[in-house]
Amino acid sequence: MLAQPPLSCHHTANPVPAAGHTENVMPRLMRFALFTFAAIIAIILFVVMAARLAFDPEALRNRAATALAEVTGRSVSISGPVTLGLWPRLAVDFEGLAVAPPEGFADASPLLTIGKADASLRIIPLFSRRMEFDHIRLEGLHINLVRDADGNGNWTPPAGRPITPPVPSEKDSGATPSAMPDVPRPAFSLQRLELADATLSLRDIATGESIRARDIDFVADFDAEGKAAVGLSLVLAGERPTFSTGLALDATVTPRADGSVSLELAPLAITPHSGVIPAAVGQTQLRGRLNIIPAKEGQPARLTIEGMNLTAPFMTATVDGSLSAAREASLSFALEGSPRKGLAAFGILLDTRATDALDKATAKGDVNVAGQKLQLSGMDALIDSTTFKGDVLIPLSGDTPVKGTVALGDIDIDRYLPGKDAHKMKSSGTASGPPSDQPKADAPPASPTSDKASGKPAATKDDTVLATLRKMHLDMDISCTRLSVSGFVMHDIATRLTAKAGLFTASPLQCRLYGGPTRGKASVDIRTDMPSYALTVDASGVDAGALVAALTGKRTFDAKADVKGDTRAAGTGTSDIMRTLSGRARLVARDIVLHEGDAVPKDASATQGKTDAKRFDLLTGTFEADKGVIRNDDLVVRGPSANAEAKGIIDLPGDNIGYMATLHLKGLPDIPIRIHGRLSDPQYGVDPARMVVNTLKEAVKVIEKPAEAGGKAVQGLGDVLRNLLP
């Protein structure tokens, strides 16, 4: 007989029950499980029923209102029911919460009201110090912020009572602060936060300004990592200025381990309805990423912008860069669009000589802010065919001028001058879209055009423009390749433009004026209600014929001219400037050739020959202006076969010219020429009386030279003619 092997110490012998015994054990286990589960359910039902029986809604409402009043320092009331649910979630619902403004405040309307609120909290995680909310929902949340005439807000805490959460006292806790345990805060998570039909308003009683966000619907769904999908829609309306605009946002908010938060806009849509931004502007969308980086290790909080793209019906723009809480910024931008279409969207219809003027514009550059300075660098813009390049440094405070260098290309001002229908052009100021684009017409009424309380009329557009110009402080170097206006052309313009307190000065001012180098200075003084102007110019070798042809549209002569003058004027329009023009100018012209349509009499040109009669070597004259009347007493013309002297006046306000000239031709009597009539349409002619006198004078000179035969008789005839002369 074989011996039995010994049992291992790692083996436990379990007897195998018989089949009948197994059948008896299994039902007992099932009954035990069912009884245990039923007991747990019974205990839970008992606790829930006991809690509901012990729960006093009125007491809970009063306790909640009292606790909120202690925290806010305001009177708090809850007018609606308060309900509490314990299974399967811990749920709290209440209705009719209102927080009153400070006692005696100018506006007695509640600071905050909530129509209905409910929240759901999971029970089991509470035992692990985790607060896991399924949802928090506020319906009919209305926040009403008001600033009174003294600048106090209804949201500020009462004097001497800051809004802080209550802290347990040593008496209540039974321990000194040093002995109190450092209990960690419970973890917090939320799956869904929702606002429905909310309103946020801000009103300033002193200025009448107000802004109101209504129809606010907000939903944020959070995942396990805290990433949130956000949806928001609202209507924003305001008064002074008056506007109504819809906003809709779809975004993704992503928290990161380093404490930063990323906001992906996809997109933010802005849809104007009425007011200063009319409906015709159309919808504008923003897409891109914002990264919010908190302050740490001595570094300020920052906001970085990645690929932010703005799209509107008349323009697109992109921005990249960063902003910091230390008032520093570094941004790069690029934009492209149509200023003409943009103005049309705001109801400003342009009527220009060139129908495509301001139809296309592009710009790019960098913006840097450091301390109290803002710098535009690498600026490169194109408006139609005109280029703009340069760098500008703008101070953000103090009495420091804006400095910079700007180089412009060819500018044709004629393209932008009013067209033939300019007198019909009207600016509506606003443009409205189709009625369906305006969901709720609750935009505030238009602001009054005058201040009835003070009795002062509202400022006009001109007053506003002048006030803005007077605030400018500039010190700029500006150059322009070519400038054309009303046919008048200047090349290679360069100047230093300064401005302070309403005095604008361009000095030195230099350019090429129709081939002639020109230097001078110009100033505009708007420190008073009557602007004044001053111009000093010193030009040489100017193609005077081409200059006059550009201004009049007719080429009547060729000449090279030197001009030196100092003039002044004042006024807000052309007629004012003509009435106030004063100063002195000296003109010297050389190599003058007259073309067809000049003032030389036909008989003189026929007698002397075409070439000599239309060519002059020199013209000089001094002109003095006083109150728009220009006087000249020394105009002299010298030519190979003819000379002339003239004097007269030009009355700019009266649109009148009166000149007397005497033309000296070899072998002929002096020819008196009269220039008179309207300055815009002068008349030329020979003075017949003076012509007769001059002819008789020449005849006397001839007769006074007796011929060899019959000299005494001819001399006697001369004595008779001399006695007839005046």
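Residues numbered from 1 in each chain as written. Predicted model: local features only at pLDDT ≥ 70, side-chain atom pairs only at ≥ 80, totals over all residues. Heavy atoms only, no water.

Engineer: Please explain the overall build of the protein chain as it appears in this structure.
Structural biologist: Tallying secondary structure elements over the protein chain gives eleven helices and 34 strands in all. When the 726 residues of the protein chain are sorted by exposure, 29% land in the buried category. Taking the contacts inside the protein chain whose residues are at least 6 apart along the sequence as the reference set, 46% of them involve residues at least 24 apart. (Helix = DSSP H or I, 4+ residues; strand = E, 2+ residues; numbered from the N terminus. Buried < 20%, exposed > 50% of the residue type's maximum accessible area, 1.4 Å probe, protein only. Contact = heavy atoms within 4.5 Å.)

Engineer: Even after reading the chapter, I still don't get the confidence of the model for the protein chain, so can you show me in this structure?
Structural biologist: One rule of thumb: low pLDDT means the predicted coordinates there are not for detailed reading. The share of residues in the protein chain with pLDDT of 70 or more is 74%, and the mean pLDDT across the chain is 80. Note on residues 598-613: pLDDT is under 50 here. Beyond four places in sequence and across chains, it has 20 contacts. Low confidence marks residues 720-726, where pLDDT is under 50. Its contacts with residues over four positions away, or in another chain, come to nine contacts. (pLDDT = per-residue confidence, 0-100.)

Engineer: For this particular structure, what's the right way to read the packing of aromatic side chains?
Structural biologist: Two descriptors summarise a pair of aromatic rings, namely the distance from one centre to the other and the angle between the planes of the rings. Tallying each qualifying case throughout the model produces one aromatic pair. Above the ring of Tyr 416, the side-chain terminus of Arg 415 is found at 5.8 Å from the ring centroid. (Phe/Tyr/Trp six-rings, centres within 6.5 Å; stacked < 30°, edge-to-face > 60°. Lys NZ or Arg CZ within 6 Å of the ring centre and 35° of its normal.)

Engineer: For this particular structure, what's the right way to read the pairing of strand S29 (residues 615-626)?
Structural biologist: Note on strand geometry: in a regular strand, side chains alternate between the two faces of the sheet. Note that strand S28 (residues 582-594) and S29 share ten bridges and pair antiparallel. Paired with Arg 584 across the strands is Glu 624, a residue of S29. Sheet analysis places S29 next to strand S30 (residues 629-638), joined by six bridges and oriented antiparallel. What sits directly across from Glu 624, in S30, is Arg 631. Between S29 and S30, which pair antiparallel and follow one another directly, the connecting turn spans two residues, one of which, Lys 627, has a positive phi of 55°. (Pairing = 2+ DSSP bridges.)

Engineer: Can you help me understand the environment of Leu 393 in this one?
Structural biologist: In this structure, Leu 393 sits in strand S18 (residues 386-395). The spatial distance from the C-alpha of Leu 393 to the C-alpha of Asn 368 is 9.5 Å, given a sequence separation of 25 residues. Setting aside chain neighbours within four positions, we find Leu 393 in contact with Lys 373, Leu 374, Gln 375, Pro 401, Val 402 and Lys 403.

Engineer: I'm lost on the side chain of Ser 260 in this one. Help?
Structural biologist: With respect to the element layout, Ser 260 can be found in the loop between strand S10 (243-255) and strand S11 (261-275). Within the local environment of Ser 260, its side chain forms a polar contact with the side chain of Asp 258, the two groups lying 2.7 Å apart. (Polar contact = N/O pair within 3.5 Å; in protein donor to acceptor, adjacent residues only side chain to side chain.)

Engineer: Got a minute to help me understand the side chain of Asp 525 in this structure?
Structural biologist: Among the structural elements, Asp 525 can be located in strand S25 (residues 516-525). Residue Asp 525 is classed as buried on the basis of its relative accessible area of 17%. At 2.6 Å, the side chain of Asp 525 and the side chain of Arg 527 are in polar contact. Apart from residues lying up to four places away in sequence, Asp 525 is in contact with Gly 502, Leu 503, Met 530, Pro 531 and Ser 532.

Engineer: Would you mind showing me how to read the environment of Thr 316 here?
Structural biologist: As for its position among the elements, Thr 316 is in strand S14 (residues 315-324). Sequence spacing of Thr 316 and Ala 334 is 18 residues, and the spatial spacing of their C-alpha atoms is 8.5 Å. When residues no more than four places from it in sequence are discounted, the contact partners of Thr 316 are Leu 310, Thr 311, Ala 334, Leu 335 and Glu 336.

Engineer: What am I meant to see in helix H6 (residues 544-552) here?
Structural biologist: Within an α-helix, residues lying three or four positions from one another point in the same direction, as the helix has 3.6 residues per turn. Residues of H6 that are buried: Ala 544, Gly 545, Ala 546, Leu 547 and Ala 549. The secondary structure elements touched by the buried residues of H6 are strand S23 (488-500), strand S24 (503-513), strand S26 (532-543) and strand S27 (557-570). Positive backbone phi, approximately 80°, marks Gly 553, located one or two places after H6.

Engineer: Looking at this structure, how should I read the environment of Gln 510?
Structural biologist: With respect to the helices and strands, the residue Gln 510 is situated in strand S24. The exposure class assigned to Gln 510 is partly exposed, which follows from its relative accessible area of 32%.

Engineer: Explain the pattern of salt bridges to me, please; I cannot follow it from the model alone.
Structural biologist: Between side chains of opposite charge, a pair can form when the charged atoms approach closely. For the structure shown, the criterion picks out 29 salt bridges. In this structure, Asp 107 engages Arg 203 in a salt bridge whose closest nitrogen and oxygen atoms are separated by 2.3 Å. A residue pair is termed long-range when its members are at least 10 positions apart, and Asp 107 in the loop between strand S3 (90-99) and strand S4 (112-121) and Arg 203 in strand S7 (residues 192-204) qualify at 96 residues. You can call Asp 107 buried: its relative accessible area is 13%. Sharing partners across several salt bridges, the network here consists of Arg 89, Arg 122, Arg 130, Glu 132 and Asp 134. (Salt bridge = Lys/Arg side-chain N within 4 Å of Asp/Glu carboxyl O.)

Engineer: Please explain the nonpolar core as it appears in this structure.
Structural biologist: Soluble, globular proteins show a tendency: their nonpolar side chains are buried together. Among the nonpolar cores identified, the biggest contains 28 residues, and Ile 592, Tyr 659 and Leu 663 are the most heavily contacted of them. For this core, the element with the most residues is strand S32 (residues 656-665), which contributes five residues. Counting residues in each nonpolar core, the second largest holds 20 residues, with Ile 78, Leu 111, Leu 141 and Ala 213 among its members. (Core = buried A, V, L, I, M, F, W, Y, C linked by side-chain atoms within 4.5 Å.)

Engineer: Can you walk me through unusual backbone geometry in this structure?
Structural biologist: Only a minority of non-glycine residues have a phi that is not negative, and only a minority of peptide bonds are not trans. Here the bond from Ala 266 into Pro 267 is cis, since omega is -10°, no more than 30 degrees from zero. With respect to the element layout, Pro 267 can be found in strand S11. Of note, the bond from Ser 507 into Pro 508 is cis; its omega dihedral lies within 30 degrees of zero at -5°. Turning to its location among the elements, Pro 508 is positioned in strand S24. The phi dihedral of Arg 327 falls on the positive side, at around 60°, and the residue is not glycine. Along the polypeptide, Arg 327 turns up in the loop between S14 and strand S15 (328-337). For Lys 627, which is not glycine, the phi dihedral falls at a positive 55°. Inspection of the secondary structure puts Lys 627 in the loop between S29 and S30. Judged by relative accessible area, which is 62%, Lys 627 ranks as exposed.

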